[in-house]
Every structure is written in C-alpha cells, then in structure tokens.
Amino acid sequence: MPLFRRLRPAVVVLSALVLVVSLLTPAHAWTDFVLPATGAENNTLVSVARKPGNLDVFWIRADGAVMTTVWSDSWPAWETRMVAPAGSAQAGSFSGGLAAVARNPDHLDVFWIRPDSGVSTSWWDTATPQWALPRSISPSRSAMYGTLAVAARNPDQLDVFWITPGQAIGTTAWNPAHDWRQYWTITPNASVHALGGALSVVSRARDHLDLFWIRPDGGVSTTWWHAQANWPSRSIAPAGHVKIGSSRAPLRSALTAISRRPDHLDVFWIGPDGGIGTTAWNPHANWPAPWPIAWPGAAAPGGLSATSRSPGQIDLVWIAPDGRVQHLSYDERLPGAWTRLTAASAQRATPGPISLVGRRPDHLDAFYVRPDRSVGSAWWHTERVRVHLKLVNLPHHDMAPITNALNDARTVFATAELGVELGSVERIQVTGMDDVDVRPCLARPDNHQVSTEQATLASYRANASATDVVLYVVGSITPAGVAGCGSYPVGKPNAVIRYDANRWTLAHELGHVIALSHVPCGVPPCNQYFNRLMWDNFGFLTKPVPELVADEKTLLYESPMTFF
C-alpha cells in the first residue's frame, strides 16, 4: 500500500551481487507424527526435556506397565523402553497417575500410583543405562488414582504430591541425607476434588514450591512452601470455575501452572463451558479475579499443558472436542491477547492427557494419545520468510540503506518470532523502470490488482521460489510521495520500495505481502495506533521499534510465505 513518508537522502557507492540461500520447499506451522509407542492408556502422559537435544516421554500401558520412548538429536530416532513391568501401575481411563522430572541433565525420576493405591518410583541416569528397580515411597491405600505432581526445587531435592483417600494432599520428599521421608498431608481432608482431580506444582526459585489444586466446589486453591512459609493456603478462583465430574458422571478435570519468571506465576484450567480460564500472581498483582483466554467449547475435558520456553513467554496446548490439538501463545513483547494456532488437525488426538515441553527457546514438542492408543506428537519451530532484494536501475547506489532497512525489518518481525532470511541480492536493468507507477495499490494483502509496470517487474524473480518475497528497490515511484507498495500479481509475492524511503517502509510493505492489512481506525485521532508497524504514517512514531500485535502474529504464521 502507498506510504507517505518523510524521506532520507541516498548515498551512492557500488555493491556486489550475493546469493546466500538455495531454494527450499517451505514447511509450515506445527508438524505432527506418530511415535513408536502403542497401547497407551488415555489417563496420563508426561514428557521431559532434560537437555535441549533430548526428549523423554512416559505413559502407562493398558497392562499397567510404565513405558518410555526417548529421542536424542545426536541419535535422531525414537527408542522405546520399559520403566516398570506389567501390573506396576493402575490402568484405566480414570486411574493412572504419572509424573517425571529431570533434576539434573543426566538424571530422570519417574513416579506412578500402584494398583494398591501406593506410590512407587524408578530412576535412570547416564551412568546406569538401565532403569532402577521400582521402589515404594508411600504405602498402600495412601493415594487416590488419577494424579501425581513432582518438582525438583534443587538438584538434590525431590517433592512428590498426590490426593489421599481422605481428599487431602499427601506428600513425601527425598534428598541424599534422609532418603524418602514417611508421607504426610499438607491440607485438611475433604479439601481436594478427588475423582478426576488435578494437581500442579511449580518451583519458581530454589527451595520454593507453589502447589495448586481443584477444590470439591470447582474452585482453585494454592499453597506454598519456603523457609518462612510452611504450607499456608488460599483460594485463587471461586467455586464453579473449573469443570469437574461426579461419581455418577465422572470426568477428568484439567489444571496446569507455570512460572515464566521467578517472580511470576500463571495458572490455567478448563471451565464448565469448555473455555479456558486463568489467573496470575506477581509482586504487583496478587491473584486478581480469573478471566477467560479461550472461547466456550474450545476444550474437551481432561488435558491442558503449559510451558515457558523463555522469560515472558507462555505456550498452552489442549485437545478440542473434535480431536484437534490447539495452541495459544503469549509473549510480553506483543501487545494484545494470545496468538492462536492449530497443532494437530481433527481426530488426531483422543480427548484426555496432553504434555507440552519447550526444550529450546525456538522449539516446542507436544504429546497426546491417539484414537488407536498410540502416542502422537506435534512439534513447532519459529518460522521465517525468505526475501530477495533486487535493485532496479540503480547500478551504483550504496547497499547500506537497504541493508539497514532489512535489519530493521528483522528487528520488528523478531518480536513476533518471525525471522527474515536474505535469499539473494541482485542489480537488474529493466527498461522504463526508472520510475514505477504502482497505482492503485489497495491496502489489502489479498488484493492482486497491479499496474502494468508492477506486472513487468514481477517477472524478474531469479533465485526466488513461488513463496519467496522479492523486494524491488527503485529510484522513484508514482504517485509522488509514495514510499512503497505491497500489492503483487497472484503467485509472485513482491513489493516495490523506493530507495530513499523511511527506514521502516521495507518492514511495513513486507508485512502487507505476507498477510497484514493497515491498522483500521474508526474515530480519529487514532493516536493509540501511531506506534504500530501497520499504521500508514511513521511520522508520529514515538517508540524505537514499531509494534506488531498478537493477532498479526497469528496471520504471519498462517501465511504460506512463512516456514520453518
């Protein structure tokens, strides 16, 4: 779309043609596949990334065996192993109870509820390639089937939590000095929703624990422990906020908590209407009233998982009623709400447990049970767009202003986790293109009405694939005062940008080409939009970098021009 910008002077020096990337077939958004893991009960599933290049997934098999499958980037194939033999864990759709943690990069501890309602554990580390013989850490009839939670608040400390038959929270702890302690309770009886209940524990700082549970009235409570606090508790969501079942109509409730920074906690649950609710804590907000982040009917009962792959970011996944895996992403750098993507298409997942892990800041792995009782997985990676720069009839102009504008585009799109990759740089001579007429250049990314001159330029796509974006840098544009235009013919994504345009024009027009429209303003003065990248005048910009918002990130990631 035309931009009326204050212009900057040109500097004139020679530069060379550079080809830096070969043509690739784009991949897009989430990619799902099936693990070599069969017979999984649809009651519990957990995953751990003990190192950025390792994944360990655990499930309970229909015969009560505790199973795992392992991935390593250094040996890129899934390897399935048995942690505990058949009959070790309680099977059944409302049974289960499984938790795992890596308290250091070379060690794993796994916990499960036995058929006699006790809790057992096994461990593995790189020095002992076989899983240790299972051992009991709580006696029979001490744990209700269904949910376990574990945290490692330091490398030499383990804390395990479960729901007791009296509907209290039971716990035990381990460290090298005292081995496993005799279990005790930290809440009163009848304080926890038991059948299909849920627990979540977070260690946001060394020797600090925050534990969350669903109450019998469908509210959410928390308790915490550190050197000055021995399990005080409080409500953080009133009665009726969480979808719970009953003895006549049992269902699995869903609750998960994360710490995106040591001074911040976020808790999520599936509500009675199938929407997702949340509340949060930080030193300036002490558990405000809950609010919704996903629409009614979004989630089937039983599965919700969150992770924070870098400070200030939250990723949340769940299973929709039609078997899709849905993903919401929150990033403090982006104004607005949550970014929404679909991680797996309809009927891929059985409503129930799901596990999400962020093993690198740019990568997510989700795991779920499929209808055939195999374990499915979907993975996500940050995306990028590939651009090619073509300087039109500018044989001696300095590349520095264009390189700087490209780097500025990288800066602004990085806030939406979108990379801008340079495919090639080329100087071309095209007769009659000293000035390019771009009329009408309408402000819609799906508009493909272009001028004859734009259509001619669009045929110069050497080195570019059908989904690569070509940026034609020209000396002059008609009408006068227009700095760029992102309209392009079908199948030939490109933008025309004037050489001496504002530093953010390249990013703005690239946004148009990929997916973005101008920011609408119903009633002037519209000053709330002046810092947006897609506002149509940078003359009022007051921030160092123009902003993208969450909804625009969703559009960027859904574009066929962005890829892994």
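Conventions adopted
- Residues numbered from 1 in each chain as written.
- Predicted model: local features only at pLDDT ≥ 70, side-chain atom pairs only at ≥ 80, totals over all residues.
- Heavy atoms only, no water.
- Core = buried A, V, L, I, M, F, W, Y, C linked by side-chain atoms within 4.5 Å.
- Buried < 20%, exposed > 50% of the residue type's maximum accessible area, 1.4 Å probe, protein only.
- Helix = DSSP H or I, 4+ residues; strand = E, 2+ residues; numbered from the N terminus.
- Contact = heavy atoms within 4.5 Å.
- Axes fitted to C-alpha atoms, helices over the stretch in contact; angles between N-to-C directions.
- Parallel < 35°, antiparallel > 145°, perpendicular 65-115°, else oblique.
- Left-handed = near helix turned anticlockwise from the far one by under 90°.
- Nonpolar A, V, L, I, M, F, W, Y, C, P; charged D, E, K, R; others polar.
- Disulfide = S-S within 2.5 Å.
- Pairing = 2+ DSSP bridges.
- Salt bridge = Lys/Arg side-chain N within 4 Å of Asp/Glu carboxyl O.

Asks: Got a sec to walk through the nonpolar core? Specific residues and values, please.
Replies: Among the nonpolar cores identified, the biggest contains 45 residues, and Leu389, Phe413 and Leu548 are the most heavily contacted of them. Taken together, the elements giving at least two residues each to this core come down to strand E32 (383–392), helix H1 (400–414), strand E33 (418–428), strand E35 (469–474), strand E38 (494–498) and helix H3 (505–514). The biggest single contributor to this core is H1, with 6 residues. With near-sequence residues (within four places) excluded, leucine 548 lies in contact with Leu334, Pro335, Val412, Phe413, Thr415, Ala416, Leu516, Leu533 and Leu556.

Asks: Lay out the packing of H1 against H3 in plain terms, naming residues and giving numbers.
Replies: As a packed pair, H1 and H3 sit with axes 8 Å apart at the nearest point and diverge in direction by 60°. Between H1 and H3, the angle falls in the class oblique. Of the two possible hands of crossing, H1 and H3 adopt the one that is right-handed. Touching Ala405, Leu406, Ala409, Val412 and Phe413 of H1 are Leu506, Ala507, Leu510 and Gly511, all from H3. Looking at the contact of H1 with H3 residue by residue, the classes come out as 8 nonpolar, 1 polar and no charged.

Asks: Outline the state of the cysteines, supporting the account with residue identities and numerical values.
Replies: Applying the stated rule across the entire model yields 2 disulfides. Each sulfur of the disulfide joining cysteine 441 and cysteine 485 lies 2.0 Å from the other. Residues cysteine 441 and cysteine 485 share a disulfide whose torsion about the S-S bond is about 115°; that sign makes it right-handed. With cysteine 441 in the loop between strand E34 (435–437) and helix H2 (452–457) and cysteine 485 in strand E37 (residues 484–485), this pair connects stretches of sequence that are 44 residues apart. Each member of the pair, cysteine 441 together with cysteine 485, is buried. One disulfide in the model links cysteine 521 with cysteine 526; its S-S distance is 1.3 Å. Between cysteine 521 and cysteine 526 the sulfur-sulfur dihedral comes to about -75°; the bridge is accordingly left-handed. Classification of cysteine 521 as partly exposed rests on a relative accessible area of 25%. By relative accessible area, cysteine 526 is classed as buried at 6%. Within the chain, bonded cysteines paired by disulfides and numbered along the sequence follow the pattern 1-2, 3-4.

Asks: An account of the sheet that holds strand E9 (residues 119–125) is requested, with residue identities and associated values reported.
Replies: Sheet strands pair via backbone hydrogen bonds, and the direction of the pair is either parallel or antiparallel. Taken in spatial order, the 4 strands line up as E7-E8-E9-E10 in an open sheet, and their pairing is antiparallel. The open sheet is flanked by strand E7 (98–104) and strand E10 (135–138), the only strands paired with a single partner. Along the sheet, successive strands turn relative to each other by an average axial angle of 30°, direction set aside.

Asks: Quick one: what's the story with the pairing of strand E5 (residues 66–72), residue by residue and with numbers?
Replies: Most of E5 sits out of view: 7 of its 7 residues are buried. Across the two faces of E5 the burial is the same, with Val66, Thr68, Val70 and Ser72 and Met67, Thr69 and Trp71 all buried. Here strand E4 (residues 54–61) pairs with E5 via 7 bridges, running antiparallel. Bridging across to E5, valine 57 finds its partner in threonine 69. Between E4 and the antiparallel strand that follows it, E5, lie 4 residues; glycine 64 among them carries a positive phi value of about 85°. Where E5 meets strand E6 (residues 75–84), 6 bridges bridge the pair, whose relative direction is antiparallel. By the bridge assignment for E6, valine 66 is matched with alanine 84. In textbook terms, the turn of a hairpin is the stretch between consecutive antiparallel strands, and for E5 and E6 this stretch comprises 2 residues.

Asks: Account for the pairing of strand E26 (residues 313–319), with residues named and values stated.
Replies: For E26, the buried fraction is high: 7 of the 7 residues fall into the buried class. Sheet analysis places strand E25 (residues 304–307) next to E26, joined by 4 bridges and oriented antiparallel. Following the sheet pairing, alanine 306 is matched in E26 by leucine 316. The antiparallel pairing of E25 with E26 creates a hairpin that spans 5 residues between the two strands, and glycine 312 there sits at a positive phi of about 90°. Sheet topology note: the E26/strand E27 (residues 325–331) ladder contains 7 bridges and is antiparallel. Bridging across to E27, isoleucine 314 finds its partner in tyrosine 330. Where E26 hands over to E27, the hairpin turn is made up of 5 residues, of which glycine 323 adopts a positive phi near 85°.

Asks: Which residues make up the pattern of salt bridges, and what values go with them?
Replies: Applying the stated criterion across every chain, the model contains 36 salt bridges. Here arginine 114 ties to aspartate 116 by a salt bridge, and the two come within 3.0 Å at their closest N and O atoms. Residue classification places arginine 114 among the buried residues on the basis of a relative accessible area of 13%. A residue is classified by how much of its surface remains accessible, and aspartate 116, at 36% relative accessible area, is partly exposed. The closest approach of N and O atoms between arginine 261 and glutamate 332, which form a salt bridge, is 2.7 Å.

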